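One-letter residues, chain by chain:
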Amino acid sequence: MVKLALRSGLRWKVSLAIAAVSALVAVALSLVVHNAARVSMLDNSRNVMDERVKVAQRWYEQSRVLGFGAKLDDPELPELLKKEAWRGQRATYLEDSGTGTPEVWASVPLRNGKVLSVHTQFKDRFAVLDDLDRVLILGSVSVVLGGIALGVLIGDQLSRRLRKAATAARKLAEGDSEVRVRDAIGGRVRDETDDLARAVDGMAEALQQRLEAERRVTADIAHELRTPVTGLLTAAELLPPGRPTELVRDRAQAMRTLVEDVLEVARLDGFAERAELQEIELGEFITRRVRVVAPDAVVTLLRDAHVSTDPRRLERILGNLLANAARHGRPPFEVTVEGRVLRVRDHGPGFPEALLKDGPSRFRTGSKDRAGKGHGLGLTIAAGQARVLGARLTFRNAEPTAEGKDGAVAVLWLPESAPTNTGSFPVIEVPD
């Protein structure tokens, strides 16, 4: 079952809310004004008819003339007026269906026992009510449109501040520790957005301080371990030949590699590394390095390119990717150069889902299919070195074949322009 997620901007939500409130207020006021005007007209009509029937009574009693269209003993006279006349009362009567023009009656009993009555509809007066309704409708539409415009202005201001805050927060998440959300949104207006910005800035500063403290602790521990590990390696060289000596030397060398990798990760986490740029021909450079690092790997040059990058860091990335493929994957290993794009592929079980979702994580060697070897820093270092180069390192699994999984693919996207001396990096557009 497919669920459709509808996303609408904050300014449109605010606009719709203000428009809805404006419409409700306009409709309510229009109904009140319409009803009040209609009731006033009806009361006025009855008063006018009452005056007419009194004048018509005087004329008839004085000159036997029926004015204002008056009638004697009108057979269409409503029963209520007949009863009032029988009681000797002058009265008015209103026939109002609520839609058309109402009919207004007035009657008065005469001394000779007859009932004099007048009857009219006041169409000209109630035509004014139709004009009033049209004015009220136009006014209501104007109020709603004005509410929408006001909502767009208010919502756009709030939405723009939130978008600026989101952009600054994304920069913080990407590692730009100098960005502050409060400075990014700016403005003189103080609202809840400023409270949110200050909270995010406080969280970012606290997180940055904690990460910096952890990085220093990691670097200090690794630095302190270098001396005893170096002494351990030197002592291992003095041991007599034999299988135990080989095991000691192997474990000591592994410990030394781990210490060096931890120090490198700490330097990369501190964003203090800068690329030493050189112009190189990418295809020839990759071919020579692969022959040294992984002679069994197949290099395919689809399109060559000249790039400005740091050869040492690029070689480190390539070596770590090939080492990861050899450690966790299966041959054949393939390296493809297509312009500024470098791909490294193996034919093993593929990357674990956690890595594809969250990226490389230190001291995580993968799923059960790709675990049991290494300390999980190889891809972390490769991703960190790619960041220093202003490149983008992505990971995916190849399309599975009938036999099952068909390997992991790491793709390095080198930038069109090299990173600047200030440490800013160009944006890499990665196709879907």
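A short tour of the structure in this document, coming up. From a predicted model like this one, the values you see are computed outputs, not experimental measurements.

### Regarding the sheet that holds strand 1 (residues 71-72)
Across the sheet, which stays open at both edges, the 4 strands sit in the order 1-4-3-2 with antiparallel pairing between neighbours. Taken across any chain shown, the strands that pair with only one partner, and hence form the sheet edges, are strand 1 and strand 2 (91-95). Across 5 bridges, strand 2 lies against strand 3 (residues 103-109) in antiparallel orientation. Its bridge partner being in strand 3, E95 is matched across the sheet by E103. Against the sheet, helix 2 (residues 79-86) makes contact with strand 2, strand 3 and strand 4 (115-120), and its axis sits at roughly 175° relative to strand 2, the strand it touches most.

### Examining the pattern of salt bridges
In this structure the tally under the stated criterion is 11 salt bridges. With a closest N to O distance of 3.9 Å, D73 and K114 form a salt bridge. Of the two residues, D73 sits in the loop between strand 1 and helix 2 while K114 sits in the loop between strand 3 and strand 4, which places them 41 residues apart along the sequence. With a closest N to O distance of 3.6 Å, K82 and E79 form a salt bridge. Here E79 and K82 lie together in helix 2, a separation of 3 residues that amounts to about one turn.

### Some words on helix 2
Every buried residue of helix 2 is listed here: L81, E84 and A85. Along the long axis of helix 2, the arc covered by the buried residues comes to 100°, so they all point the same way. Within helix 2, the exposed residues directed more than 90 degrees away from the buried face are E79, K83 and W86. Against strand 2, strand 3 and strand 4 lie the buried residues of helix 2. Remark: G88 follows helix 2 within two positions and exhibits a positive phi of approximately 80°.

### As for the environment of S30
Inspection of the secondary structure puts S30 in helix 1 (residues 10-63). For S30, a relative accessible area of 16% gives the class buried. Separated by 103 residues in the primary sequence, S30 and D133 have C-alpha atoms spaced 7.9 Å apart. Ignoring anything within four residues of it in the chain, the contact list for S30 reads L136 and S140.

### Things to note about the pairing of strand 7 (residues 306-309)
Residue alternation in strand 7 divides its side chains into a buried set, V307 and T309, and an unburied set, H306 and S308. Sheet topology places strand 5 (residues 278-281) next to strand 7; 4 bridges connect them, and they run antiparallel. Considered in strand 7, the bridge of Q278 is made with T309.

### Side note on unusual backbone geometry
Looking along the chain, the bond that leaves P331 and enters P332 is cis, with omega of 0°. As for its placement among the helices and strands, P332 is situated in the loop between helix 8 (311-328) and strand 8 (334-338). In this model, R64 sits at a positive phi of 55°, which is unusual for a non-glycine residue. Structurally, R64 is set in the loop between helix 1 and strand 1.

### Re helix 8
In this model, helix 8 (18 residues) spans 26 Å end to end at C-alpha, consistent with the 26 Å of a helix rising 1.5 Å per residue. For helix 8, the complete set of buried residues consists of P311, R313, L314, I317, L318, G319, N320, L321, L322, N324, A325 and H328. Between a side-chain oxygen at the N-terminus of helix 8 and the backbone nitrogen of R312 the separation is 3.1 Å; the capping residue is D310.

### Some points on the packing of aromatic side chains
Geometrically, a pair of aromatic rings is defined through the distance of the ring centres and the angle of the planes. As enumerated under the stated definition, the model contains 1 aromatic pair in all. Ring geometry for F351 versus F395: centroids 5.3 Å apart, planes at 80°, classification edge-to-face. With F351 in the loop between strand 9 (341-345) and helix 9 (353-358) and F395 in strand 10 (residues 392-397), this pair connects stretches of sequence that are 44 residues apart. Judged on exposure class, the residue F351 and its partner F395 are both buried. Between R64 and the ring centre of Y60, over which it is positioned, the NZ or CZ distance is 5.0 Å.

### Quick look at empty space enclosed by the protein
Applying the stated criterion across every chain, the model contains 1 cavity of 30 Å³ or more. Approximately 60 Å³ is the volume attributed to the largest cavity. As for the largest cavity, its lining consists of 11 residues, and the residues nearest its centre are L321, N324, V344, F351 and A410. Mapped onto the lining of the largest cavity, the elements with two or more residues apiece are helix 8 and strand 11 (408-413). In the lining of the largest cavity, the residues fall into 8 nonpolar, 1 polar and 2 charged.

Cut-offs applied
Residues numbered from 1 in each chain as written. Predicted model: local features only at pLDDT ≥ 70, side-chain atom pairs only at ≥ 80, totals over all residues. Heavy atoms only, no water. Pairing = 2+ DSSP bridges. Helix = DSSP H or I, 4+ residues; strand = E, 2+ residues; numbered from the N terminus. Contact = heavy atoms within 4.5 Å. Axes fitted to C-alpha atoms, helices over the stretch in contact; angles between N-to-C directions. Salt bridge = Lys/Arg side-chain N within 4 Å of Asp/Glu carboxyl O. Buried < 20%, exposed > 50% of the residue type's maximum accessible area, 1.4 Å probe, protein only. Arc of directions from axis to C-beta. Expected span 1.5 Å × (residues − 1). Polar contact = N/O pair within 3.5 Å; in protein donor to acceptor, adjacent residues only side chain to side chain. Phe/Tyr/Trp six-rings, centres within 6.5 Å; stacked < 30°, edge-to-face > 60°. Lys NZ or Arg CZ within 6 Å of the ring centre and 35° of its normal. 1 Å grid on protein atoms, 1.4 Å probe; cavity = no way out; pocket = protein on both sides within 12 Å on 5 of 7 lines; lining within 4 Å. Points joined across faces, edges and corners; volume = space filled by probe spheres on them. Nonpolar A, V, L, I, M, F, W, Y, C, P; charged D, E, K, R; others polar.

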